[in-house]
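# Descriptive structure summary
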Amino acid sequence: MIKSFRLFTLLFVLSVCFTLTAQQYEASPTPSLINYNSANDAIWDLLFAFDVTAASGAAGNAGTEFDGTSYYTTRWAADLIHEYDATGTMVRQFSIPGVSGLRDLAYDGAYFYGGASGPTIYQMDFATETLIGTIPVGGGITVRNIAYDAGADGFWCGNWADPVSLIPRAGGAPIAQIATGLTAQYGSAYDDVSPGGPFLWVHDQTAGGSVIHQFDIATGTATGVTHDVGPDATDPTIIAGGLWASTDHTSGFMVL
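Please read these numbers as outputs of a predicted model, since none were measured by experiment. Here the residue numbering is sequential within each chain, running from 1 through the sequence in written order. Local features are withheld for residues below a pLDDT of 70 in this predicted model, meaning they are given only at 70 or higher, and side-chain atom pairs are given and counted only at 80 or more; totals for whole chains, interfaces and linings count all residues. Only hydrogens and water are set aside when side-chain values are computed; all heavy atoms of the structure are taken into account.

### Quick look at the overall build of the chain
Under the DSSP-based scheme used, a helix requires at least four consecutive residues in state H or I and a strand at least two consecutive residues in state E, with every element numbered from the N terminus. Broken down by element type, the chain carries 1 helix and 20 strands. For each residue, the accessible area found with a 1.4 Å probe, counting protein chains only, is set against the maximum for its type, and the residue is called buried under 20%, exposed over 50%, and partly exposed in between. Counting all 256 residues of the chain, 50% fall into the buried class. Residue contacts are counted whenever heavy atoms from the two residues lie within 4.5 Å of one another. Contacts spanning at least 24 positions in sequence make up 53% of the contacts within the chain whose residues lie at least 6 apart. When the accessible surface of the chain is split by element, carbon and sulfur atoms take 54% of a total near 10400 Å². Only the protein chains shown count as covering a residue, and every accessible area follows the Shrake-Rupley method with a 1.4 Å probe.

Pasting the structure below:
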């Protein structure tokens with residue numbers, strides 16, 4: 001059945017996952033144990049998928065972002081960034097001086113942001129392949145997952161099992177936190193379109209591979225909406241990587 005409220009239908013399109021190739025994946029030391037609720041699966045239609053290992057020529061592609069035109073992925077153990085067109089064909093491989101080991105990515109409509117498993121957010125211009133600046137992150141927070149919050153003009157970020165923390169654009173200590181209870185968070189995405197939001201989506205490595213969870217930002221609690229990415233993938237050994245959300249991918253849809 002095709003739903004009439006298309007704008008608010010959430011659809012999974014691409015979240016970067018790793019295959020378990022020696023020296024090429026970054027797995028959490030404490031993968032989450034999740035009881036997946038299949039009743040929440042009704043909203044998740046698969047729009048598009050492609051093999052980033054084949055497209056980029058190697059594994060280890062961790063972070064991901066979409067800017068309305070192109071997909072981007074990062075290599076967690078190198079300084080490489082890859083751009084793909086709408087068909088999943090790689091059109092560019094590049095590096096940004098001063099930046100290496102990027103995990104998840106975020107995009108604010110002008111610049112891209114990411115962390116390298118440290119206390120710094122890198123602000124980057126992918127068009128000119130330059131580092132615009134850095135944002136210091138306080139509170140002992142390590143930046144692995146990251147999402148841009150347009151409402152707060154800040155960044156939700158954190159590490160494997162830490163609370164996801166909202167860092168102001170100027171940097172410094174967190175101004176809000178969500179204790180997700182997850183232990184293997186790798187990617188996150190901000191959603192101010194779905195009814196009842198805004199929401200933060202978190203992509204978590206689990207003992208079974210990869211599950212996406214929705215959190216209510218206002219209350220800091222899980223909504224119970226989840227999606228097991230495993231059945232969408234052709235490789236049963238995937239583990240979670242980055243995540244993005246956009247209304248610019250497919251007209252009338254909110255896409256993860």
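### Section: the sheet that holds strand S10 (residues 130–136)
With antiparallel pairing, 4 strands are arranged side by side in an open sheet as S7-S8-S9-S10. Strands at the two margins of the open sheet, each flanked by one partner only, are strand S7 (105–107) and S10. Between one strand axis and the next, the sheet turns through 25 degrees on average, direction left out of account. Note: strand S8 (residues 112–114) against strand S9 (residues 120–125), 3 bridges, orientation antiparallel. Looking at S9, one finds that tyrosine 113 is bridged to glutamine 123. Paired strands are those between which DSSP finds at least two bridges. A fitted line through C-alpha atoms represents every axis, and for helices the fit uses only the stretch in contact; the resulting angles, taken between N-to-C directions, go from 0 to 180 degrees.

### Digging into the side chain of arginine 144
Summarising the element assignment, arginine 144 is placed in the loop between S10 and strand S11 (145–149). Residue classification places arginine 144 among the buried residues on the basis of a relative accessible area of 4%. A polar contact of 3.1 Å, which involves the side chain of arginine 144, links it to the side chain of serine 117. Excluding residues that lie within four positions of it along the chain, arginine 144 makes contacts with Glu26, Arg103, Asp104, Ser117, Gly158, Asn159, Trp160, Gln185 and Tyr186. By the criterion applied in these results, polar contacts are pairs of N or O atoms within 3.5 Å in which, for protein atoms, one can donate a hydrogen and the other can accept it, and in which residues neighboring in sequence qualify only through two side-chain atoms.

### Regarding the nonpolar core
Counting 12 residues, the largest nonpolar core consists of Ala106, Tyr113, Ile121, Ile135, Val137, Ile141, Val143, Ile146, Tyr148, Phe155, Cys157 and Ile167. Of all the elements in the fold, those that place two or more residues in this core are S11 and strand S12 (154–158). Setting aside chain neighbours within four positions, we find isoleucine 167 in contact with Val137, Ile141, Gly154, Phe155, Cys157, Gly172, Ala173 and Pro174. Among the buried residues, those of types Ala, Val, Leu, Ile, Met, Phe, Trp, Tyr and Cys that are joined through side-chain atoms within 4.5 Å form a nonpolar core.

### Overview of the sheet that holds S11
Strand pairing in a sheet is mediated by backbone hydrogen bonds. Such pairs are either parallel or antiparallel. Ordered by their spatial adjacency, 4 strands build an open sheet running S11-S12-S13-S14, and the pairing between neighbours is antiparallel. Two strands bound the open sheet, and with one partner strand each, they are S11 and strand S14 (176–178). Going across the sheet, the axis of each strand differs from the next one's by a mean of 25 degrees, ignoring polarity. Relative to strand S13 (residues 164–168), S12 runs antiparallel, the two being bridged by 4 bridges. Looking at S13, one finds that glycine 154 is bridged to proline 168.

### Quick notes on the side chain of glutamine 214
The residue glutamine 214 is located in strand S17 (residues 209–216) in this model. Classification of glutamine 214 by relative accessible area gives buried; the value is 7%. A distance of 2.6 Å separates polar atoms of two side chains, one belonging to glutamine 214 and the other to threonine 223.

### Things to note about the pairing of S9
The buried count for S9 comes to 5 of 6 residues, which makes it a mostly enclosed element. Hairpin connection from S8 to S9: 5 residues lie between these consecutive antiparallel strands, with serine 117 at a positive phi of about 60 degrees. Hairpin connection between S9 and S10: a loop of 4 residues separates the two successive antiparallel strands, and glutamate 129 in this loop has a positive phi of roughly 60 degrees.

### Examining the confidence of the model for the chain
Confidence scores labelled pLDDT are given residue by residue by the predictor and lie between 0 and 100. The pLDDT averaged across the chain works out to 87; a share of 85% of its residues lies at or above 70. Under a pLDDT of 50 for its full length, residues 1–23 has, in the predicted model, 95 contacts with residues more than four places off or in other chains. Contacts for the low-pLDDT stretch residues 33–41, under 50 throughout, to residues beyond four places or in other chains number 14 contacts.

### Focus on unusual backbone geometry
Most peptide bonds take the trans configuration, and most residues that are not glycine carry a negative phi. Here glycine 197 and proline 198 are connected by a cis peptide whose omega angle stands at 10 degrees. Its place among the elements puts proline 198 in the loop between strand S15 (185–191) and strand S16 (199–206). Phi is positive for serine 117, close to 60 degrees, though the residue is something other than glycine. Along the chain, serine 117 falls in the loop between S8 and S9. Owing to a relative accessible area of 28%, serine 117 belongs among the partly exposed residues under this scheme.

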